[in-house]
Amino acid sequence: ARRGRALRALCGSVRGFAAGPETHFGFQTVTEAERREKIYQVFESVAKKYDVMNDSMTLGIHRVWKDILMHKMNPSPGTLLVDVAGGTGDIAFRFINYVRSVRERQLQRKLKHHQNLSWQEISECYQEDKSKSLGNSQVVVCDINKEMLKVGKQKAQHLGYSEGLSWVLGNAEELPFDDDKFDVYTIAFGIRNVTRIDLALQEAYRVLKPGGRFLCLEFSHVSNPLLSRLYDLYSFQVIPVLGEVIAGDWKSYQYLVESIRRFPTQEELKAMIEDAGFLKVDYQNLNSGIVAIHSGFKL
């Protein structure tokens, strides 16, 4: 009998090992393989309503957070950006707008310093700038989910974005890019959905050029106790209901709320970024830590 129990225990251990290491999916305990599949299904389910839900859940404030991220990046013409888990294009479109604005200001300063230019010369300057409005800047949107990329491409076409923009299907834990390729790596509201955050951070470090910058915008942990209680009430009682009403998907948004609570604290994520090799790592809390922007450099 003892041998039988030992054999059953051993078989159970072998089955658990074969299924892969355990992790969490929201508040559930699952294997890493199961988590990847479940998260893929979540974003496949919500892709078409993703932007509408972001506006509803955050009362539109996510747009301000993303603008702050872009100003913190402060890209110049010629910057090569990879935006990971950026399927619907929010960061990519902001990047293009920001670089175009910088180029426009550069052109105006250039013309101010040449007061004696003819109308024809000024017109030619503007035509040249229009044809190179990004100054060789490029943004590559990389996402593991085909449906999210599909939505992003449709938005880009509708909004008229094409120059300097490309879309790549890829896993944050194993990016399909060469070493030392990008000037900036961004991941906005995506890293908490990565199963192995340590691998994603190592990949971010690998694909950045020496001197390159890592920027992560993510929901984090609220420092104010009263605000934290109100935030919990809103998150668990309101957001899943919005998910059901707007996207017809309660479970996906229940997971998203739970995933925020399971995500590492600001200091814990900072330590993980440093463990991946980044230096000068810091973070900026927004709205008392509802979200945080982490920054680090490959030096």
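Above this text you will find the structure in question.
A brief structural summary. For clarity, every value in this text was computed on a predicted model and none was experimentally measured.

## With respect to the overall build of the chain
Right, so step 1: Of regular secondary structure, the chain possesses twelve helices and nine strands.
Right, so step 2: Scored against the burial criterion, the 299 residues of the chain give a buried share of 46%.
Right, so step 3: Contacts in the chain between residues at least 24 apart in sequence constitute 74% of all its contacts with a sequence separation of at least 6.
Right, so step 4: Carbon together with sulfur atoms contributes 53% to the accessible area of the chain, which is approximately 15,600 Å² in total.

## Quick notes on helix H12 (residues 266-275)
Right, so step 1: When we look at burial in H12, the residues that qualify are Gln266, Leu269 and Ile273. Axial view of H12: buried residues confined to an arc of 65 degrees, hence all on one face.
Right, so step 2: Its buried side turned inward, H12 meets helix H8 (197-207), strand S7 (208-219), strand S8 (279-286) and strand S9 (291-297).
Right, so step 3: Residue Gly277 follows H12 closely and has a positive phi angle near 115 degrees.

## A word on the pairing of strand S4 (residues 138-143)
Right, so step 1: In terms of burial, S4 is largely enclosed, as five of its six residues are buried.
Right, so step 2: Note that strand S3 (residues 80-84) and S4 share five bridges and pair parallel. Bridging from a neighbouring strand, Val82 pairs with Val140 of S4.
Right, so step 3: Note on the crossover from S4 through helix H7 (residues 146-159) to strand S5 (residues 165-169): the handedness is right-handed.

## A word on the packing of helix H9 (residues 225-237) against helix H11 (residues 250-262)
Right, so step 1: Orientation of H9 relative to H11, taken along the N-to-C sense of each, is 150 degrees, at an axis distance of 9 Å. With respect to H11, the axis of H9 lies roughly antiparallel. Residue-level contacts link Tyr231, Asp232, Ser235 and Phe236 of H9 to Gln254, Val257, Glu258, Ile260 and Arg261 of H11.
Right, so step 2: Broken down by class, the residue content of the contact of H9 with H11 amounts to four nonpolar, two polar and three charged.

## Quick notes on the pattern of salt bridges
Right, so step 1: Applying the stated rule across the entire model yields 13 salt bridges.
Right, so step 2: One salt bridge connects Lys155 with Asp51, and the closest N-O pair in it is separated by 3.0 Å. A residue pair is termed long-range when its members are at least 10 positions apart, and Lys155 in helix H7 and Asp51 in helix H3 (residues 50-58) qualify at 104 residues.
Right, so step 3: Taken together, the salt bridges that share partners define one network made up of Asp51, Lys66, Asp90 and Lys155.

## Considering the side chain of Ser137
Right, so step 1: Here Ser137 is to be found in the loop between helix H6 (119-131) and S4.
Right, so step 2: Using a relative accessible area of 1% as the deciding quantity, one classes Ser137 as buried.
Right, so step 3: A polar atom in the side chain of Ser137 sits 3.3 Å from the backbone nitrogen of Thr79.
Right, so step 4: Excluding its chain neighbours within four sequence positions, the residues that come into contact with Ser137 are Ser76, Pro77, Gly78, Thr79, Phe95, Val99 and Gly164.

## Describing H11
Right, so step 1: For H11, built from 13 residues, the straight-helix expectation of 18 Å at 1.5 Å per residue is met to within 8% by its first-to-last C-alpha distance of 19 Å.
Right, so step 2: Among the residues of H11, those classed as buried are Ser252, Tyr253, Gln254, Tyr255, Leu256, Val257, Glu258, Ser259 and Ile260.

Cut-offs applied
- Residues numbered from 1 in each chain as written.
- Predicted model: local features only at pLDDT ≥ 70, side-chain atom pairs only at ≥ 80, totals over all residues.
- Heavy atoms only, no water.
- Helix = DSSP H or I, 4+ residues; strand = E, 2+ residues; numbered from the N terminus.
- Buried < 20%, exposed > 50% of the residue type's maximum accessible area, 1.4 Å probe, protein only.
- Contact = heavy atoms within 4.5 Å.
- Areas by Shrake-Rupley, 256 points an atom, 1.4 Å probe, with all protein chains shown as cover.
- Arc of directions from axis to C-beta.
- Pairing = 2+ DSSP bridges.
- Right-handed = clockwise from strand over helix to strand, strands pointing away.
- Axes fitted to C-alpha atoms, helices over the stretch in contact; angles between N-to-C directions.
- Parallel < 35°, antiparallel > 145°, perpendicular 65-115°, else oblique.
- Nonpolar A, V, L, I, M, F, W, Y, C, P; charged D, E, K, R; others polar.
- Salt bridge = Lys/Arg side-chain N within 4 Å of Asp/Glu carboxyl O.
- Polar contact = N/O pair within 3.5 Å; in protein donor to acceptor, adjacent residues only side chain to side chain.
- Expected span 1.5 Å × (residues − 1).

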